[in-house]
Each structure stands twice: as structure tokens, then as C-alpha cells.
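# Remarks on the overall topology
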Amino acid sequence: MELTYENLQKTLDNIPSESRVKELLSTINTGFTSSREKINEYVESEDMVSAYTLFYLPTNIPKLKFILDQLPAEVVEDLKECRFIDIGTGPGTFALAWLDYFKGERTGEVIGVDKSELMLKQAKRCQNHFFPEEKNVSFQKEIPEMRDKTVLFWGHSLNEMGLKKSLQIIEDIDPDYLFLIEPGTPDLFEDVSKLRTSMAIRKFQAVYPCATLDKECPVYKKSKEGISDWCHQVLRMTHEPSIERLSQIINRNRRVMPLIAHVYRKDALALVESKARLIRYFKETKFSFEWEVCLLDQDSKELRTIKFEVLKKGLSKSRLKELKKESVGIEVNFELVKKMSESLWRVRLNEE
Ligand SMILES: C[S@@+](CC[C@H](N)C(=O)[O-])C[C@H]1O[C@@H](n2cnc3c(N)ncnc32)[C@H](O)[C@@H]1O
């Protein structure tokens, strides 16, 4: 059964009316943006768990696909065999996204962990309905001990669990991979940047989005100097019609989803030529797209943010159309045309 809003409505118990869903999601959202104590209330009530599932399960799932699509093929191949532990799984969001992505190819176990019984029950129900054929999947309260090659995953849960506890779990489990997909806000950027520093100390390798962990993040450096900035991705997509409709009713735009996603790996990766990462979409002009990218500068050997003027000349109409709604966070394979200044480069895309 396809995981759509309408199928979710048929699957879940205690479905609130649409006007009630709107009310509940607004309460949940207020919790997310207020104190950490208040944030926990939504996982203790059945109708809030249902409202959360109806909206966030189908809208959060595509985020993992987007990130996995950005990773080197060698890493994706390796991930199929890993044990996947989704910390703060909620209604199974990213555990189910993992099952969906690796359908028929996964050999590793998938384990969703949450402190809320209601969320765990919901996750199990969703798995039974939407992925009944998938074996080796469980939802539980305890984080299992490290056994096989393991991916530890946080999805919109670092914030609630807190950085200190999350770092302790990383210390205890000592995973092979670490994934984070968190809200694209300045507060989370601060937490994720501290975690990035801690992963560098642990000698992990950056897989996404940074070119290396050996060099300081230029955006975090700026923010520590008091210049307000944060690095995040923006997934731009259209959802199925019923989700589009719900988003409009509850006034939450899901066509543009800011997120902060990071992926680290314990073992070194085979050296690949480092390209640039799109970190901000400024604007489109008659002749170019103006983007900010982050790259490992071959001259200074530092990570730097550079403004790119991406020339439109030579690109097909369909490619230009794609680039108009490109997601932030993709890799940019480019050829330098001219350095207009140290921090403004005119480039041409290398199209494969
Ligand atoms: C915002 S929800 C995210 C759910 C899901 N990962 C998603 O992105 O849709 C956060 C989840 O983390 C869980 N959580 C928060 N603190 C936790 C903790 N200390 N241990 C286990 N789960 C926790 C909550 O119960 C909640 O289900």
C-alpha cells in the first residue's frame, strides 16, 4: 500500500477531523518552538500522535531519500548491509524511509527507538500496513547494544533529546556511520556544529555536506564572530495532492523544506575529487544563477564559502527549468570561467 495521506487515514486509529488536525498541528508546532519541557506533551496523547503522523510522516520521509541520493555510490552500497538505529523514531518516520529506499536490497536490521509507547505503537502499525513484507524490523524503547556495522540516526530528535545525551549515545555505541536530519534553524545549526567538532575529534570522516572535517566550518566561524548565519539545505519538491491540500489548510509550506543534514563515517573514504556544495540560492538573473557554495579551496587549503555566478549559456531549456527549482545541498560540478574577485567566481556547470 502506498504511503499517502489518504491511506494513512484508513490505517490509523482515532483519526481526528480535519479541523481538529489543524488545531493539533498548531499546538505541536508551538511546542516545537517553545520550551523543551512542553515539547514532550504531544507524544503522550493519542490524537496528537495521529495528527503528527498524518502530516510529518509523509512529508519527512522524502528528506532521507534526498540525502541518500547525494552520497557517493560506494557509501550507499555499504549502507545496505548496516544495522540502522533510528533514535527518536516517532511514528517510524526514518526507519520506514530506510525500508522504502533500500526495498529488496537491504540485509541489515532496522530498529526504531523512542521513549513514547504511543509513538512506538504507531510506528509498528505503519510498518505492518505499508511495509508488511519487510523482515528484521523492530520498534522498541531501548537502544540496542552495538553488534553489527551500525548507522546511528537522529531525525528531528537531537533537539528534544539534547546534545549531551546524544553525544553520550555516540560514545557508548561507537557507530560506523552517523546521520542527522534536523530542522534548518540557527539553534540546530549551533548544536550540529558542536557535534561536527566532536566527530572531528573522534577522527570520523565527513560524507555530507562538508568536503572535510579536518578544516573549520566557515559558516560556523562567522557565526562565532557574531555574524548571524547558518548552513542548511533546502529540499524543494511537490507532494501528492492530499498533502498539498493539507499543507494549505494548516498554512505550512512543505514545498520548500529547510533542513540540516550531516553524514559522518568512521572509516576513511576512497579519495574523491572534492567539488563544491550549494549552500544558498541567492537569485536568478538574465545570464546566470547566483549561488553560494562551500568548497575546499585548493590555494588556501581551507573550507571557504564563495559566491558563484553560474552561467546559463549553453544549458538546455529543460536543464534551466530544473535549475530554477534546484534543492540547496546538491553537489556542484563546475569549471571556473573567471575569478571576478577572491569571493566571486564566474563558473560553468560541468554536465555529465
Ligand atoms: C519530533 S519527533 C521526530 C520523530 C521522527 N524522527 C520524525 O522525524 O518524524 C521526536 C521524537 O523523539 C522522541 N524522543 C525525544 N527524546 C527522547 C529520548 N530521550 N529517548 C527516546 N526518544 C526520544 C520523542 O518521543 C519523539 O517521538
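Predicted model, so just to flag it, every value in this text is computed and none were measured.

Parameters at a glance
Residues numbered from 1 in each chain as written. Predicted model: local features only at pLDDT ≥ 70, side-chain atom pairs only at ≥ 80, totals over all residues. Heavy atoms only, no water. Phe/Tyr/Trp six-rings, centres within 6.5 Å; stacked < 30°, edge-to-face > 60°. Buried < 20%, exposed > 50% of the residue type's maximum accessible area, 1.4 Å probe, protein only. Lys NZ or Arg CZ within 6 Å of the ring centre and 35° of its normal. Helix = DSSP H or I, 4+ residues; strand = E, 2+ residues; numbered from the N terminus. Expected span 1.5 Å × (residues − 1). Contact = heavy atoms within 4.5 Å. Pairing = 2+ DSSP bridges. Axes fitted to C-alpha atoms, helices over the stretch in contact; angles between N-to-C directions. Core = buried A, V, L, I, M, F, W, Y, C linked by side-chain atoms within 4.5 Å. Near = heavy atom within 4 Å. Polar contact = N/O pair within 3.5 Å; in protein donor to acceptor, adjacent residues only side chain to side chain.

Our focus in this paragraph is the packing of aromatic side chains. Applying the stated rule across the entire model yields 16 aromatic pairs. Arranged with centres 6.4 Å apart and planes meeting at 70°, the rings of Tyr281 and Phe289 form a pair that is edge-to-face. A ring pair is formed by Phe289 and Trp291, whose centres lie 6.3 Å apart and whose planes are at 35°; its orientation type is tilted. Here Phe289 matches Trp291 in class, with each residue buried. An aromatic cluster is built from Phe84, Phe94, Trp98, Tyr101, Phe102, Phe153 and Phe179, whose rings are joined through pairwise contacts. A cation sits over an aromatic face here: Arg236 above Tyr281, 4.7 Å from the ring centre. Sitting over the face of the ring of Phe282, Lys307 holds its NZ or CZ atom 5.3 Å from the ring centroid.

A few words now on helix H10 (residues 186-201). For H10, with 16 residues, the first-to-last C-alpha span of 23 Å sits near the 22 Å given by 1.5 Å per residue. When we look at burial in H10, the residues that qualify are Leu188, Phe189, Asp191, Val192, Ser193, Leu195, Arg196 and Met199. Among the structural elements, helix H8 (158-161), helix H9 (163-173), strand E5 (177-183), helix H11 (218-224), strand E8 (256-265) and strand E11 (303-311) are those in contact with the buried residues of H10. Following H10 by one or two positions, Lys203 has its phi on the positive side, about 65°.

Attention now moves to the sheet that holds strand E12 (residues 331-332). Across a sheet, strands are paired by hydrogen bonds formed along the backbone, either parallel or antiparallel in direction. Spatially, 6 strands are ordered E12-E9-E10-E11-E14-E13 in an open sheet, and the strand pairing comes out mixed. Each edge of the open sheet carries a strand with a single partner, namely E12 and strand E13 (334-341). Bridge count for E13 against strand E14 (residues 344-349) is 6 bridges, and the pairing is antiparallel. The residue bridging Leu336 from the neighbouring strand is Val347, located in E14. The strands that helix H13 (residues 317-324) touches are strand E9 (276-284), strand E10 (288-296) and E14; relative to E10, the one it contacts most, it runs at about 65°.

Among the nonpolar cores identified, the biggest contains 79 residues, and Leu64, Leu71, Leu79, Trp98, Phe179, Trp291 and Phe308 are the most heavily contacted of them. Examining the composition of this core, we find that 13 residues originate from one element, helix H4 (residues 46-70), more than from any other. The residues touching Phe179, leaving out its near neighbours within four places in the chain, are Leu64, Leu68, Leu71, Leu79, Trp98, Val151, Leu152, Phe153, Trp154, His262 and Val263. Ranked by size, the runner-up nonpolar core spans 31 residues in total, among them Leu180, Leu195, Cys210 and Tyr264.

Every one of the 20 residues lining the ligand counts as a neighbour, but Tyr52, Gly88, Thr93, Asp114 and His156 are closest to it. For the ligand, an oxygen atom lies 2.7 Å from a polar atom in the side chain of Thr93. Note that an oxygen atom of the ligand is positioned 2.6 Å from one of the side-chain N or O atoms of Asp114. Residue assignment for the shell around the ligand shows that the elements contributing at least two residues are H4, helix H6 (93-101) and H8.

By themselves these figures say nothing about function.
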